[in-house]
Amino acid sequence: MSAELACFEEGCRARFPITEVLYNCPHCGGLLEAVYPPPQGPPAEWKSLWRERRTSNAPLDQSGVWRYREFFAFLDDYSRVVSLREGNTPLLNGPRAAEYAGLDGITFKHQGFKPTGSFKDNGMTCGVAQALRLGMTRVACVSTGNTSASMAAYASAAGLQPIIFLPAGNIAFGKLAQALDYGALTLQVEANFDQILAMVREVAEQAGIYLLNSINPFRIEGQKTIMLEMMDQRDWTPPDWVVLPGGNLGNASAFGKALREMRDWGLINRLPRLAVIQAEGSAPFYDLMHSTDRSRLTPVTKPETLATAIRIGDPISWPKAMHEVDCSHGVVEKVSEAEIADAKAVIGKCGIGCEPASAATLAGARKLVSSGVIRKDEAVVAVLTGNVLKDQDYIHRYHTGKLQAPSGSEIPGRFGNQPMFVPYLLDAILSKITT
Ligand code: F0G
């Protein structure tokens, strides 16, 4: 049996050929996932093959995604894969961040070290590979910024036309700039992410354009490798917790699937617990997971947060994310604008830095430690999803005391670091650095 698409709904599980252009199950409307037979042979051999490939100069092996290709074997021909050497992101210790959260230690898996500066690249190289295999010439996505930057880069590198839809006025400038530079046809629409996604699905269908939002199961397959690489770097010892921000919930779905498959295929011996963190003003998944009726997610119609990457009120992958949180005995937490902003400054002070949505992880971990859910001595890996330079305006506002929550209230900026102006005078300069 080779790779197939399968409906994610337990009561359906219909199967379809891997080469059909589908985003939802034609029978029941459920989400789709790629399914495979497990790699054959002893896990130790796979582990050493993947480790060996790190020293190879072959482009596929240099990619921190395609190096692990046996773990997501949906292609039968790798000759047209476009890699920008995605993956390969470090695990970084943040002692000050750990202290801030009340933990003995915290490790950041930093996705900002990728070609376009976010975790999206791992999924995009796979989504674009599938687009090429299907003979598509145009690809589209709606995005809070990072998906569009990544899709623009990979599509252009592959000779496909990238078409991106953005919520006007609500994406960080660095991300918009990337999309323009990578040559995307860029449409800013006066609606929010959820509203635009509903329309873009229609547009994609009518115009025959391949949709590369995270509803695309091949994006999820690529994002699985973030967990695979993390385990490889930890010599296959699972941490107790993996903490990640939640927006459209593609990552939560991908991480959970990866961890389960690693366990089922004998690569790890237990599952870490997932902790998905949302921003208070855009927390429909938090609400769902804390409600007595979990049969349906109630969308937040006007999602708000300065962490624009996760300003999403109707996350498409919630059924998968719910399953993964449950399977891992995980939790969902929400954090305030001020908590995100302060956590971001603390990550910055570690010399690491990240974009606002990523900092929800540290804010969430801190809250979960103080409520006793995460123990101080547990091993915590927090996934920083985007690069510090993505949203410079936010940083400047925070440090100069000008950051305002969407409600209009001031965010005090406990760790503000004001730049100082000094006259061109030796004494004046000395006085600033000796006080
Ligand atoms: N962090 C960053 C930096 C993101 O860009 C996103 C999502 C998330 C976290 C949330 O991940 O959707 O898998 O739960 N950004 C998407 C975009 C929606 O369009 O760039 P998720």
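About the criteria used
- Residues numbered from 1 in each chain as written.
- Predicted model: local features only at pLDDT ≥ 70, side-chain atom pairs only at ≥ 80, totals over all residues.
- Heavy atoms only, no water.
- Helix = DSSP H or I, 4+ residues; strand = E, 2+ residues; numbered from the N terminus.
- Rg over C-alpha atoms; globule rule 2.2 N^0.38 Å.
- Buried < 20%, exposed > 50% of the residue type's maximum accessible area, 1.4 Å probe, protein only.
- Areas by Shrake-Rupley, 256 points an atom, 1.4 Å probe, with all protein chains shown as cover.
- Lys, Arg positive; Asp, Glu negative; His and termini not counted.
- Charge placed at Lys NZ, Arg CZ, Asp CG, Glu CD.
- Near = heavy atom within 4 Å.
- Polar contact = N/O pair within 3.5 Å; in protein donor to acceptor, adjacent residues only side chain to side chain.
- 1 Å grid on protein atoms, 1.4 Å probe; cavity = no way out; pocket = protein on both sides within 12 Å on 5 of 7 lines; lining within 4 Å.
- Sits in = over half its atoms within 2 Å of the grid points.
- Pairing = 2+ DSSP bridges.
- Contact = heavy atoms within 4.5 Å.
- Axes fitted to C-alpha atoms, helices over the stretch in contact; angles between N-to-C directions.
- Core = buried A, V, L, I, M, F, W, Y, C linked by side-chain atoms within 4.5 Å.
- Expected span 1.5 Å × (residues − 1).
- Points joined across faces, edges and corners; volume = space filled by probe spheres on them.
- Nonpolar A, V, L, I, M, F, W, Y, C, P; charged D, E, K, R; others polar.

Peer 1: What's the story with the overall build of the chain in this structure? I'm lost.
Peer 2: Across its full length, the chain carries 15 helices and 13 strands. Taken over the C-alpha trace, the chain has a radius of gyration of 21 Å; the compact-globule value for 435 residues is 22 Å, and the two agree within 12%. For the chain, the C-alpha atoms occupy an extent of roughly 75 × 50 × 45 Å along the three principal directions. Taken over 435 residues, the chain has a buried fraction of 58%. Carbon and sulfur atoms form 51% of the exposed surface of the chain, whose accessible area is close to 17,700 Å². If the 43 positive side-chain charges of the chain are averaged to one point and the 45 negative ones to another, these points end up 3 Å apart.

Peer 1: It is not clear to me how unusual backbone geometry should be interpreted in this structure. Could you clarify?
Peer 2: What is expected of a backbone is that most residues other than glycine have negative phi and most peptide bonds are trans. With a phi close to 50 degrees, Arg13 is a non-glycine residue in the positive phi region. Examined against the element boundaries, Arg13 turns out to sit in the loop between strand E1 (4-7) and strand E2 (15-17). A positive phi is found at His329, a non-glycine position, where the angle reads about 55 degrees. By the secondary structure assignment, His329 is in the loop between helix H11 (318-327) and strand E12 (331-335). His329 gets classed as exposed once you look at its relative accessible area, which sits at 59%.

Peer 1: Would you take a moment to explain the site of the ligand for this structure?
Peer 2: Around the ligand lies a shell of 20 residues, among which Ser143, Thr144, Gly247, Asn248 and Thr385 are the nearest. Ser143 places a polar side-chain atom, nitrogen or oxygen, 2.7 Å from an oxygen atom of the ligand. In the model, an oxygen atom of the ligand is placed 2.8 Å from a nitrogen or oxygen of the Thr144 main chain. Here the ligand has 470 Å² of accessible area as a free molecule, and 99% of this is covered by the chains. One can see that the ligand is located within the largest cavity. Of all the secondary structure elements, the ones that give two or more residues to the shell around the ligand are helix H5 (146-158) and helix H9 (250-264).

Peer 1: Can you help me understand the sheet that holds strand E7 (residues 161-167) in this one?
Peer 2: Working definition: the strands of a sheet are paired by backbone hydrogen bonds and lie parallel or antiparallel to each other. Strand order in the open sheet made by the 4 strands is E8-E7-E6-E9, with parallel pairing throughout. Each end of this open sheet is capped by a strand with a single partner; those strands are strand E8 (185-189) and strand E9 (210-211). Of the pairings in the sheet, the one linking strand E6 (residues 138-142) to E9 comprises 2 bridges and is parallel in character. Bridging across to E9, Val139 finds its partner in Tyr210. Here H5 sits on the sheet in contact with E6 and E7, set at roughly 170 degrees to E7. Strand contacts of helix H6 (residues 173-181): E7 and E8, with the helix running at about 145 degrees to E8, the strand carrying the most contacts.

Peer 1: Would you take a moment to explain the nonpolar core for this structure?
Peer 2: Grouped burial of nonpolar side chains is what soluble globular proteins tend to show. Formed by 101 residues in total, the largest nonpolar core has its most connected members in Trp66, Phe74, Met227, Met262 and Phe285. If we ignore the near neighbours within four places in the chain, the residues touching Trp66 are Arg53, Leu60, Phe72, Phe74, Leu75, Tyr78, Val81, Ser83, Glu86, Thr125, Cys126 and Ala129.

Peer 1: Whenever I open this one, helix H13 (residues 356-370) confuses me. Can you help?
Peer 2: Since one α-helical turn is 3.6 residues long, residues separated by three or four positions face the same way. With 15 residues, H13 should cover 21 Å at 1.5 Å per step; its first-to-last C-alpha distance of 21 Å lies within 8% of that length. Most of H13 sits out of view: 12 of its 15 residues are buried. For H13, every residue scored as buried is listed here: Pro356, Ala357, Ser358, Ala359, Ala360, Thr361, Leu362, Ala363, Gly364, Ala365, Leu368 and Val369. Residue Gly372 follows H13 closely and has a positive phi angle near 85 degrees.

Peer 1: I keep staring at empty space enclosed by the protein and nothing clicks. Help me out?
Peer 2: A water-sized probe, rolled over the atoms, reveals where empty space remains. Applying the stated rule across the entire model yields 3 cavities of 30 Å³ or more. Along its surface, the largest cavity is lined by 27 residues, and Phe119, Lys120, Gly247, Asn248 and Ala309 are the ones closest to its centre. Among the elements of the structure, H5, helix H8 (217-233) and H9 are those that each provide at least two residues to the lining of the largest cavity. Among the elements that take part in the lining of the largest cavity, H9 stands out by supplying 3 residues, more than any other. Of the residues in the lining of the largest cavity, the class split is 9 nonpolar, 15 polar and 3 charged.

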